[in-house]
Amino acid sequence: QHIGIIPYKNPLFRNLLSFLNKTLGKLILSNANKVIFSNSLTKIYFTEICNFKNPPSMILNGVSNLIFYPNEINRKSIREEFNLPKDELIFLFVGRFVEKKGLHIVKELVARFENITWILVGEGPVPVKNWNYNNLVLTGNCNREKLNKLYQVADLLILPSKGEGLPLCVQESMSCGTPCLISSETLESFPEIKNCVFDAPITDDSATIWSKKINEILSSHKFRELRKELPTASNNYWGLESCKKKYMAELSILLTNP
């Protein structure tokens, strides 16, 4: 289980999801022999709702370092391959174009940082294609090979999302050595990475706060050093082999004591 409650602006959607979680969600999870969550916030949310047969566990989604890995040597050639500016900073957004991903904040940031090339990967109901900015590149959905290259060439991943745990794009970006600026709420779902990411809160004036944070990041020593540290840290936190072993351990316990 990786999602708990999503704070939709529309109260109908918000209340409907809450109702489903507390009825159908509770029924399914309470009757499962074992429940594993991929982030702590969702685990806390459902622990208050459900009566689990066995204590729930938390295992992050695994990321393979054979698929997502750094490529510092070829970052220049990747820019040429995708016809990207040679010298400008590149900021990346990866995810569905939906409300909870904070695309209204991304739009403001694209407008404020005209000297930065913004690449948005994904599709969805938010009409991003109608944004009229010369520094914006839309790719649609990408296969893993192309997505890996975009992570590698990006200078910073931006994700002002809410209502989710630790999104896979943050894990993949870090595995490629690319620093991330995420919401403070997202960081709360896995605070162990607080020294590996940058964060900012979601408020009524998020665009101003996030703009200030970006300027702080670009001038910081940490921003330059993280590219060297992130791949190793990522593999320690969510390397695929480590995650597989954790799941095998859980399955072994269930087979012994179903």
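Provided above is the structure to which this section pertains.
Residues numbered from 1 in each chain as written. Predicted model: local features only at pLDDT ≥ 70, side-chain atom pairs only at ≥ 80, totals over all residues. Heavy atoms only, no water.

Draft legend 1. Examining the side chain of Asn-71 more closely. Among the secondary structure elements, Asn-71 is positioned in the loop between β2 (57-58) and α3 (75-81). Only 3.2 Å separates the side chain of Asn-71 from the side chain of Asn-74, close enough to count as a polar contact. (Helix = DSSP H or I, 4+ residues; strand = E, 2+ residues; numbered from the N terminus. Polar contact = N/O pair within 3.5 Å; in protein donor to acceptor, adjacent residues only side chain to side chain.)

Draft legend 2. Just the packing of aromatic side chains, in detail. Per the counting criterion, the structure on display carries eight aromatic pairs. A ring pair is formed by Phe-68 and Tyr-151, whose centres lie 5.8 Å apart and whose planes are at 70°; its orientation type is edge-to-face. With Phe-68 in the loop between β2 and α3 and Tyr-151 in helix α5 (residues 144-153), this pair connects stretches of sequence that are 83 residues apart. The class for Phe-68 is buried, based on a relative accessible area of 6%. (Phe/Tyr/Trp six-rings, centres within 6.5 Å; stacked < 30°, edge-to-face > 60°. Buried < 20%, exposed > 50% of the residue type's maximum accessible area, 1.4 Å probe, protein only.)

Draft legend 3. Broad picture of the environment of Gly-102. Along the chain, the position of Gly-102 falls in the loop between β3 (89-94) and α4 (103-112). Once residues lying within four places of it in the same chain are set aside, the contact partners of Gly-102 are Pro-160 and Ser-161. (Contact = heavy atoms within 4.5 Å.)

Draft legend 4. Inspection of the sheet that holds strand β6 (residues 156-159) at higher detail. Pairing within the open sheet is parallel, and its six strands lie in the order β5-β4-β3-β6-β7-β8. Looking at strand neighbours, the two that pair on one side only are β5 (136-140) and β8 (198-200), the edges of this open sheet. Put simply, the sheet's adjacent strands are angled 25° from each other on average, direction ignored. Sheet analysis places strand β7 (residues 180-183) next to β8, joined by three bridges and oriented parallel. Bridged to Ile-182 within β8 is Asp-199. (Pairing = 2+ DSSP bridges. Axes fitted to C-alpha atoms, helices over the stretch in contact; angles between N-to-C directions.)

Draft legend 5. Spotlight on the pairing of β6. Residue alternation in β6 divides its side chains into two sets, Leu-156 and Ile-158 and Leu-157 and Leu-159, and both sets are buried. One ladder, built from two bridges, connects β3 with β6; its direction is parallel. In the strand pairing of β6, Phe-91 is matched with Leu-156. Summarising the sheet, β6 and β7 pair through three bridges and their orientation is parallel. In the strand pairing of β7, Leu-159 is matched with Ile-182. Read as a crossover between parallel neighbours, the route from β6 over helix α6 (residues 168-175) to β7 is right-handed. (Right-handed = clockwise from strand over helix to strand, strands pointing away.)

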